[in-house]
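Residue-level structure breakdown
If you want the building blocks of each chain, they are given just below.
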Amino acid sequence: MTNPKVIVLILSYNGKHLLEEAISSYLSNDYKNFKVIIIDNGSTDGTKEWVEKNFPEVKVLRTDVNLNYSGGFNYGLNYAFNKEKADYVLISNNDIKADSKVITELVKVAETDELIGFVVGKVYYYDKPNIFQTVGKEEDPVRWNGGHIGQGEEDRGQYDEVKERAFADDVFILVRRDVFKKVGGYDTEFAFQSEEYDWQVRAKKAGFKIFYTPGARIWHKVSATIGQASAFKLYYDARNPLIIMLKYREFKAVL
């Protein structure tokens, strides 16, 4: 397929102050067939009006209440795949700056194999622009969803090969239409944290793969909405992976 249709979905809850750089950097992409959509997840800071005034080419989907992370993105995924008839959706945090070739590079890899369900790239720290936050995740023999590959390392070209990954963060992640059709979107039981882990487990069980490409790059401000070390975040970081283990792994695997 030549230039399959891509919808960039950016979820925002009272994050109007973060959106200008995220939207501008995606709109500067060199890909030929994409649209940016903001999901205003019940914000009270005038997000919808601000986006419509400053970026009239960007569509805003507004929810009346905060549907949380997974519910908010599901609202956007339903619209993108069912109304816009997107071939791919690029899920993205709002606290990022994207490289101008992000969409092109993600699609290039996805189009090599119809079983590639997700594609991610290099995520750098925004305030340390050559230091990795993640380039995908390993598989851990006990915890299953392992640690971030490359975290804290300087980019010296050591992760410059396209590779399959066990898991990946969804700071930004390209999702194939068939994944949504076959396994649905996020499980809203996971309102915050580990929602991508659960989704990827279900997709892998359905035969899909997760890939990483070094050509797609973003810079992330790291939990600018909920707080990097907030009690809220730490609670869900501990709780949700345990639920996934109990749901999908054989009991002996967690002993």
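Please refer to the structure placed before this passage.
Let us look at the structure shown here. (Residues numbered from 1 in each chain as written. Predicted model: local features only at pLDDT ≥ 70, side-chain atom pairs only at ≥ 80, totals over all residues. Heavy atoms only, no water.)

**Side note on the overall build of the protein chain**
Stated precisely, the cut-off is as follows: Helix and strand definitions follow DSSP, with helices as H or I runs of at least four residues and strands as E runs of at least two, each counted in order from the N terminus. Remark: exposure states derive from per-residue accessible area (1.4 Å probe, protein chains only) relative to the maximum for the residue type, with buried under 20%, exposed over 50%, and partly exposed in between. Note on contacts: a residue pair qualifies if any of its non-hydrogen atoms lie within 4.5 Å across the two residues. Here, Shrake-Rupley sampling with a 1.4 Å probe gives the accessible areas, and only protein chains in the shown set may cover a residue.
When helices and strands are counted, the protein chain shows 7 helices and 12 strands. When each of the 255 residues of the protein chain is scored for burial, the buried share is 53%. In the protein chain, of all internal contacts separated by at least 6 residues, the share reaching a separation of at least 24 is 74%. Here the protein chain displays about 11,400 Å² of accessible surface, and carbon together with sulfur accounts for 49% of that area.

**A few points about the nonpolar core**
Put simply, the rule reads: In these notes, a set of buried Ala, Val, Leu, Ile, Met, Phe, Trp, Tyr and Cys residues joined through side-chain atoms within 4.5 Å is what counts as a nonpolar core.
Leu-77, Val-89, Ile-91 and Trp-199 are the most contacted members of the largest nonpolar core, which has 34 residues in total. Ranked by residues supplied to this core, first place goes to helix 3 (residues 68-83) with 5 residues. Those residues within four positions of Val-89 in sequence are excluded, and the remaining contacts are Ile-7, Leu-9, Leu-77, Ala-80, Phe-81, Ile-173, Leu-174 and Val-175. If you look at the next biggest cluster of nonpolar residues, it comprises 33 residues, including Tyr-26, Val-51, Ala-110 and Phe-172.

**Comments concerning empty space enclosed by the protein**
The cut-off we apply is this: The method works on a 1 Å grid over the protein atoms by themselves. A cavity is a set of points holding a 1.4 Å probe that cannot get out, a pocket is an open set with protein on both sides within 12 Å along at least five of seven lines, and residues with an atom within 4 Å of a point line them. Grid points are joined across faces, edges and corners, and a volume is the space filled by probe spheres set on the points. Three residue categories are used. Nonpolar comprises Ala, Val, Leu, Ile, Met, Phe, Trp, Tyr, Cys and Pro, charged comprises Asp, Glu, Lys and Arg, and polar comprises the others, including Gly.
Going through the model one piece at a time under the given rule, you end up with 1 cavity of 30 Å³ or more. When its volume is computed, the largest cavity comes out at roughly 50 Å³. Val-120, Gly-121, Val-123, Thr-134, Val-135, Gly-136, Ala-168, Asp-169, Val-171 and Phe-172 together form the lining of the largest cavity. A class-by-class count of the residues in the lining of the largest cavity yields 6 nonpolar, 3 polar and 1 charged.

**Overview of the pattern of salt bridges**
For the record, the criterion: Should a side-chain nitrogen of Lys or Arg be within 4 Å of a carboxyl oxygen of Asp or Glu, the pair is scored as a salt bridge.
Summed over all chains, the structure comprises 14 salt bridges. Of the charged contacts in the structure, one is a salt bridge between Lys-122 and Asp-155, with a shortest N-O distance of 2.9 Å. Residue Lys-122 is found in strand 6 (residues 116-125), and its partner Asp-155 is found in the loop between strand 9 (144-148) and strand 10 (163-165); the two are separated by 33 residues along the sequence. One exposure class covers both Lys-122 and Asp-155, and it is buried. Its salt-bridge partner being Asp-178, residue Lys-181 comes within 4.0 Å of it at the nearest N-O pair. Highlighted residues: Lys-181 and Asp-178, both in helix 5 (residues 177-183), separated by 3 residues, approximately one helical turn. By sharing partners, the salt bridges in this structure join Lys-5, Lys-35 and Glu-84 into a single network.

**Observations regarding the pairing of strand 2 (residues 34-41)**
Just so we agree on the cut-off: By this definition, two strands are paired if DSSP reports at least two bridges between them. When the strands point away from the viewer, a crossover counts as right-handed if the path from the first strand over the helix to the second runs clockwise.
The buried fraction of strand 2 is high, at 6 of 8 residues. In this structure, strand 1 (residues 6-12) lies alongside strand 2, joined through 7 bridges in parallel fashion. Looking across to strand 2, one finds that Leu-9 is bridged to Ile-37. In the classification by handedness, the crossover that spans strand 1, the intervening helix 1 (residues 16-27) and the parallel strand 2 is right-handed. Of the strand pairs in this sheet, strand 2 and strand 3 (residues 59-63) are connected by 5 bridges, and their pairing is parallel. Bridging across to strand 3, Asp-40 finds its partner in Arg-62. Note on the crossover from strand 2 through helix 2 (residues 47-54) to strand 3: the handedness is right-handed.

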